[in-house]
Amino acid sequence: MTKVRVAGAGITKFGRHPERTSRDLFAEAGATAIKDAGVARDDVEGVYYGNFMGELSEHQGHQGPLAAEALGVHAPATRYESACASSGVALRQAVRDVRNGEADVLVAGGSERMTNLSTAGSTEALAIAADELYEVRAGVTFPGAYAMMATAYFEQFGGTREDLAHVAVKNHANAVDNDHAQYQREITVEAALDSPAVADPLHLYDACPVTDGASAVVLVSEAYAEAHDLDAGVAITGTGQGGDRMALQDRENVATSPAATEAAEEAYADAGVTADDVDVAEVHDCFTIAEVLALESLGLFETGEGITAARDGITTQDGDLPVNLSGGLKAKGHPVGATGTSQVAELTKLLRGDHVNSEHVPEARVGVAHNAGGTVASAVVHVLEEVAE
Amino acid sequence: MTEDGESVRDAGFDEFLDALAEGDSYYVECANGHGSLPPRRVCPECGSADLAETPLPESGEVATYTKVHVPAPSFADDAPYVTAVVDFGPVRLTGQVLADVEDVEIGLKVEPVVSETETRGERLVVFEPR
Ligand SMILES: [Zn+2]
């Protein structure tokens, strides 16, 4: 089985681009990734593309061919949809196809256009990641679902809104120097606590913003990298995916995310590493509580102990285990379909040493990316490692 | 809704709401005792196709909840409201609690009924504190 190298990474500025189509955003991210990789456009054998709400936001289905066109490549292209994990699952399939020898050069990425919708429109669009019959019709919103997870977490393991505020403060601090980030500004715990309530106990500053953006990575086989003398010193050595019942009501415990635990266990075993080996992580913090659940699912913290990780300074820039040095979904932004591959693009740069925040993890060799769909009915985890050239 | 405005039912789910509205609510139970909510053709836990409608316990306990301040457009006039996942033992059910959030806590005993949203008059599951 061949090793899969990340040869190139590209991310647009995440933020408000209400006038730009998702195909245009993807064209930018993809061109950046292909140029970064130094591969010939003609060598790209497939495009694996993530998008979630294109039918609602752009009245556009069947987006795979548009994604390939946007890159100027003539190759089969397929759209993958798994809510907020859309490009994570697209990437996973690309990784497997390179490994299996099906292809030597693939582009995996994603794009999402969201800010052209009204706040009400995006609230409605995001809600369809929940169970329509049993959740949406009861008035459960996306923040409302995570709020119910937070309520359950507080009841079972303890924790306060202030603990969650520290997660937001940390991720904003990480985004300040990241030019891809939507919010390049710091916030305070007080400001987070004082922000308006969205769904108790979650307030505005516990939530990621509505974002437009795209991201892409170029995957190549080890043989191709060697034959073309590519500078591709980061490999994806582990991939895992987990699933859970769609509606919160059908889960045994809504204060944990077992789909992510399954994904992480599979990815670690695949890579031959353990949670102890992880030096840096990008996790799916669509809400502050989601980062806490992610840290515990990834085995980086015991169940019930992730809540104070940011407050205790363990996951901050200068902590032992920096998490979301990109700013996370919280401050970098969350263009839903683009998030999974943007995490891997950021981690690649962090490990290569050319990320603006690489200085905080100079010795890092193992990174983990955690991408969740909906209220973690879907989860994808990838392990990235720096490899000797 | 179809294009001409004629309402089309969601088989299984609408019958479930009808029964709940008539005080005759049920869940489906497989041969191995796993509970789930319709529509089902097999048990999501074990795959058993031997499913029987079984009476839902009259009351349940709040397992978790939130007060939603920012609703979707279809609940614009309903907000703020409290949603909860309620534990009935064999199954859990999501709906809105007819109480102030200050009066809701995990473990609160409630019974399910069917009501209508203020915004669009659509049916939904609500819970009345006992
Ligand atoms: Zn069963």
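Here we summarise the structure given alongside this text. (Residues numbered from 1 in each chain as written. Chains lettered and ligands numbered in written order. Predicted model: local features only at pLDDT ≥ 70, side-chain atom pairs only at ≥ 80, totals over all residues. Heavy atoms only, no water.)

1. Let's talk about the coordination of the zinc ion
In an ideal tetrahedron of four donors about a metal, each angle is 109.5 degrees. In an ideal octahedron of six donors, the angles are 90 or 180 degrees.
Residue and element names in this part refer to chain B.
No. 1: Cys 30 (SG), His 34 (ND1), Cys 43 (SG) and Cys 46 (SG) make up the full set of protein donors to the zinc ion, lying at 2.1 to 2.3 Å.
No. 2: With a relative accessible area of 27%, His 34 lands in the partly exposed category.
No. 3: Given a relative accessible area of 2%, Cys 43 falls into the buried group. (Donors = N, O, S within 2.8 Å, 3.2 Å for Na, K, Ca; no water. Buried < 20%, exposed > 50% of the residue type's maximum accessible area, 1.4 Å probe, protein only.)

2. Some points on the packing of aromatic side chains
No. 1: Within the structure shown, the criterion is met by 11 aromatic pairs over all chains.
No. 2: Look at Phe142(A) and Phe287(A): their rings are 5.6 Å apart centre to centre, the planes differ by 70 degrees, and that puts the pair in the edge-to-face class. Placement of Phe142(A) in helix H6 (residues 142-157) and of Phe287(A) in the loop between strand E9 (280-282) and helix H11 (288-297) is noted, with a sequence separation of 145 residues between them.
No. 3: Take Phe142(A): its relative accessible area is 7%, and that puts it in the buried class.
No. 4: Geometrically, the ring pair formed by Phe75(B) and Tyr81(B) is tilted, given 5.6 Å between the ring centres and 45 degrees between the ring planes.
No. 5: Take Phe75(B): its relative accessible area is 4%, and that puts it in the buried class.
No. 6: The exposure class of Tyr81(B) is buried, given its relative accessible area of 5%.
No. 7: Three or more aromatic residues link up through ring pairs in this structure, and these residues are Tyr134(A), Phe13(B), Phe16(B) and Tyr26(B).
No. 8: It is Arg185(A) that lies over the ring of Tyr183(A); its NZ or CZ is 5.2 Å from the centre. (Phe/Tyr/Trp six-rings, centres within 6.5 Å; stacked < 30°, edge-to-face > 60°. Helix = DSSP H or I, 4+ residues; strand = E, 2+ residues; numbered from the N terminus. Lys NZ or Arg CZ within 6 Å of the ring centre and 35° of its normal.)

3. A look at empty space enclosed by the protein
No. 1: Tallied over the entire structure, the rule returns 3 cavities of 30 Å³ or more.
No. 2: Considering only enclosed or pocket space, the largest cavity measures out at about 60 Å³ in volume.
No. 3: Leu133(A), Tyr134(A), Arg137(A), Ala138(A), Phe13(B), Leu17(B), Thr94(B), Arg123(B), Leu124(B) and Val125(B) together form the lining of the largest cavity.
No. 4: Among the secondary structure elements, those contributing two or more residues to the lining of the largest cavity are helix H1 (13-21) and strand E8 (123-129) of chain B.
No. 5: For the lining of the largest cavity, the per-class residue count stands at 7 nonpolar, 1 polar and 2 charged.
No. 6: As a volume, the second largest cavity reaches approximately 50 Å³.
No. 7: Taken together, Ala129(A), Ala130(A), Glu135(A), Phe142(A), Ala145(A), Gly374(A) and Thr375(A) make up the lining of the second largest cavity.
No. 8: Here the residues of the lining of the second largest cavity sort into 4 nonpolar, 2 polar and 1 charged. (1 Å grid on protein atoms, 1.4 Å probe; cavity = no way out; pocket = protein on both sides within 12 Å on 5 of 7 lines; lining within 4 Å. Points joined across faces, edges and corners; volume = space filled by probe spheres on them. Nonpolar A, V, L, I, M, F, W, Y, C, P; charged D, E, K, R; others polar.)

4. Brief notes about the environment of Gly238(A)
All names here are of chain A.
No. 1: Summarising the element assignment, Gly 238 is placed in strand E8 (residues 234-243).
No. 2: On the basis of relative accessibility, which here comes to 0%, the residue Gly 238 falls in the buried class.
No. 3: For the pair formed by Gly 238 and Met 114, sequence separation is 124 residues and the distance between their alpha carbons is 31 Å.
No. 4: In contact with Gly 238, other than residues within four places in its own chain, are Arg 99, Ala 267, Asp 270, Ala 271, Val 381, His 382 and Val 383. (Contact = heavy atoms within 4.5 Å.)

5. Side note on helix H1 (residues 22-37) of chain A
Residues and elements named next belong to chain A.
No. 1: Counted at 1.5 Å a residue, the expected span for H1 with its 16 residues is 22 Å, and the 22 Å between its end C-alpha atoms agrees.
No. 2: Those residues of H1 that are buried lie in contact with strand E1 (4-11), strand E2 (47-50), helix H3 (64-71), strand E4 (105-112) and strand E7 (213-221).
No. 3: Gly 38, located one to two residues past H1, shows a positive phi value of around 75 degrees. (Expected span 1.5 Å × (residues − 1).)

6. Thoughts on the sheet that holds strand E2 (residues 35-36) of chain B
All names here are of chain B.
No. 1: As summarised here, the arrangement of the 3 strands in space is E2-E1-E3, forming an open sheet in which the pairing is antiparallel. One side of each edge strand has no neighbouring strand; the edge strands of this open sheet are E2 and strand E3 (51-55).
No. 2: As paired strands, strand E1 (residues 26-30) and E3 are joined by 5 bridges and run antiparallel to one another. When the sheet's bridge partners are listed, Tyr 27 is paired in E3 with Thr 54. (Pairing = 2+ DSSP bridges.)

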